[in-house]
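# Fold and geometry: a report
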Amino acid sequence: MTETSIKINKPNPVLAWLARGFFKLVGWEIDYQLPDDPKMLVIFAPHTSNWDAAYLVAAGSVLGLKPNWLAKKELFAGPMKYLLSGMGAVSIDRDKNENKVDTIARVIEEADHIILGIAPEGTRSYTEYWRSGFYHIALKAGIPIHFAYIDYPNKRVGAVPGIMPSGDMDADMEKIRAFYQDKGGKIPENVGPVRFRPRTYTAS
């Protein structure tokens, strides 16, 4: 089994103190409402600036939360294995006969606990469409898609319960769009529409 823990850990007191000071200094709030699901996929939007990572890391330090992310197995060599694992990385062994969605879904199924964070815009620049891979991964793995967000106008960063993918991408995307439509990025002109490319609506 792939041992990947998503439980809320006891925060590092020094990092938590620094992070709380950071949020107090900038006047931001943390809105964290995620359920204690053993496995989940968390999307993050809008992603328009490198500053987004600073707020996310600071919020994680306050909460004692360490999300998981994907890295190819070749990187897990020698001391890097312990460094990457300590940072929440999950090793992906890509089979030539298996597509990327199937590979990631299999890793999720084999894990005891995993919280997989994905930025579906795939870029900090303006984009007309979101990448739909996260939806197919969650649908195939049978796990919920929760919503993480950053809202610069209201000075808030958070994560809230989202949806269990139904296979009806149109209906599910409407729910996702309804949540993110009023969230503002640091660079407003880089915030694109919350939608998939039309051809990706056919569920596989």
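As the structure is a computational prediction, the values presented were derived from the model and not from experiment.

Our next topic: unusual backbone geometry. Cis geometry is adopted by the peptide bond preceding P46, which originates at A45 and carries an omega value of -10°. Looking at where P46 falls in the secondary structure, it is placed in the loop between β2 (39–45) and α2 (51–63). The residue K155 is not glycine, and still its phi comes out positive at about 50°. Assignment of secondary structure puts K155 in the loop between β6 (145–151) and β7 (156–163).

Further remarks concern the nonpolar core. Counting 31 residues, the largest nonpolar core has W130, I176 and Y180 as its most contacted members. Among the secondary structure elements, those contributing two or more residues to this core are β2, β4 (89–92), α4 (100–110), β5 (114–118), α5 (133–141), β6, β7 and α6 (169–180). Contact partners of W130, with chain neighbours within four places excluded, come to I43, A45, P120, E121, M173, I176, Y180, P193, V194, R195, F196 and R197.

It is worth spelling out α4 at this point. For the α-helix, the turn length of 3.6 residues means that residues three or four positions removed from each other point alike. Looking only at α4, the buried set comprises T103, I104, A105, V107 and I108. Of the surrounding secondary structure, the elements contacted by the buried residues of α4 are β2, β3 (69–72), β4, β5 and α5. For α4, the capping residue at the N-terminal end is N99, with a side-chain oxygen 3.2 Å from the backbone nitrogen of V101.

What the rule picks out here adds up to six salt bridges. Residue E29 pairs with R156 through a salt bridge whose shortest N-O separation is 3.4 Å. Of the two residues, E29 is situated in strand β1 (residues 29–32) and R156 in strand β7; the sequence distance between them amounts to 127 residues. On the accessibility criterion, R156 (33% relative accessible area) is partly exposed. The partner of K140 in a salt bridge is D102, with the nearest N and O atoms 3.3 Å apart. Residue K140 is found in helix α5, and its partner D102 is found in helix α4; the two are separated by 38 residues along the sequence. Judged by relative accessible area, which is 46%, K140 ranks as partly exposed.

The next thing to look at is the sheet that holds β1. One open sheet holds the five strands; their spatial order is β1-β7-β6-β2-β5, and the pairing between them is mixed. The outermost strands of the open sheet, each flanked by one partner alone, are β1 and β5. The mean inter-strand angle of the sheet, taken between neighbouring strand axes irrespective of direction, is 20°. The pairing of β1 with β7 spans four bridges and is classified as parallel. Looking across to β7, one finds that Y32 is bridged to A159. This element, α2, spans β1, β2, β6 and β7 of the sheet and lies at about 70° to β1. Helix-sheet contacts for α6 involve β2, β6 and β7, and the interaxial angle to β6 is about 25°.

Bringing the environment of K81 into the picture now. The topology assignment puts K81 in helix α3 (residues 80–86). According to the relative accessible area criterion, K81 is partly exposed, its value standing at 43%.

In this section: the confidence of the model for the protein. In low-pLDDT regions, the fine details of the predicted coordinates are not to be read closely. With 89% of its residues at a pLDDT of 70 or more, the protein has an overall mean of 86. Within the model, the stretch residues 1–8 combines pLDDT values under 50 with 32 contacts to residues more than four positions away or in other chains. Within the model, the stretch residues 200–204 combines pLDDT values under 50 with twelve contacts to residues more than four positions away or in other chains.

According to the stated counting rule, one finds 14 aromatic pairs in the structure shown. Measuring from ring centre to ring centre gives 5.7 Å for W130 and Y180, while their planes differ by 70°; the resulting arrangement is edge-to-face. Remark: Y180 occurs in helix α6 and W130 occurs in the loop between β5 and α5; sequence separation between them is 50 residues. Residues W130 and Y180 agree in their burial class; the two are buried. On the numbers, 6.4 Å between centres and 65° between planes, the contact of Y135 with F196 is edge-to-face. Of this pair, Y135 sits in helix α5 while F196 sits in the segment after α6, and the two are 61 residues apart along the sequence. Using a relative accessible area of 1% as the deciding quantity, one classes Y135 as buried. The class of F196 is buried, set by a relative accessible area of 3%. Taken together through their ring pairs, the aromatic side chains of W130, F134, Y135, F147, Y149, F179, Y180 and F196 make up a single cluster.

Conventions and cut-offs
Residues numbered from 1 in each chain as written. Predicted model: local features only at pLDDT ≥ 70, side-chain atom pairs only at ≥ 80, totals over all residues. Heavy atoms only, no water. Helix = DSSP H or I, 4+ residues; strand = E, 2+ residues; numbered from the N terminus. Core = buried A, V, L, I, M, F, W, Y, C linked by side-chain atoms within 4.5 Å. Buried < 20%, exposed > 50% of the residue type's maximum accessible area, 1.4 Å probe, protein only. Contact = heavy atoms within 4.5 Å. Polar contact = N/O pair within 3.5 Å; in protein donor to acceptor, adjacent residues only side chain to side chain. Salt bridge = Lys/Arg side-chain N within 4 Å of Asp/Glu carboxyl O. Pairing = 2+ DSSP bridges. Axes fitted to C-alpha atoms, helices over the stretch in contact; angles between N-to-C directions. pLDDT = per-residue confidence, 0-100. Phe/Tyr/Trp six-rings, centres within 6.5 Å; stacked < 30°, edge-to-face > 60°.

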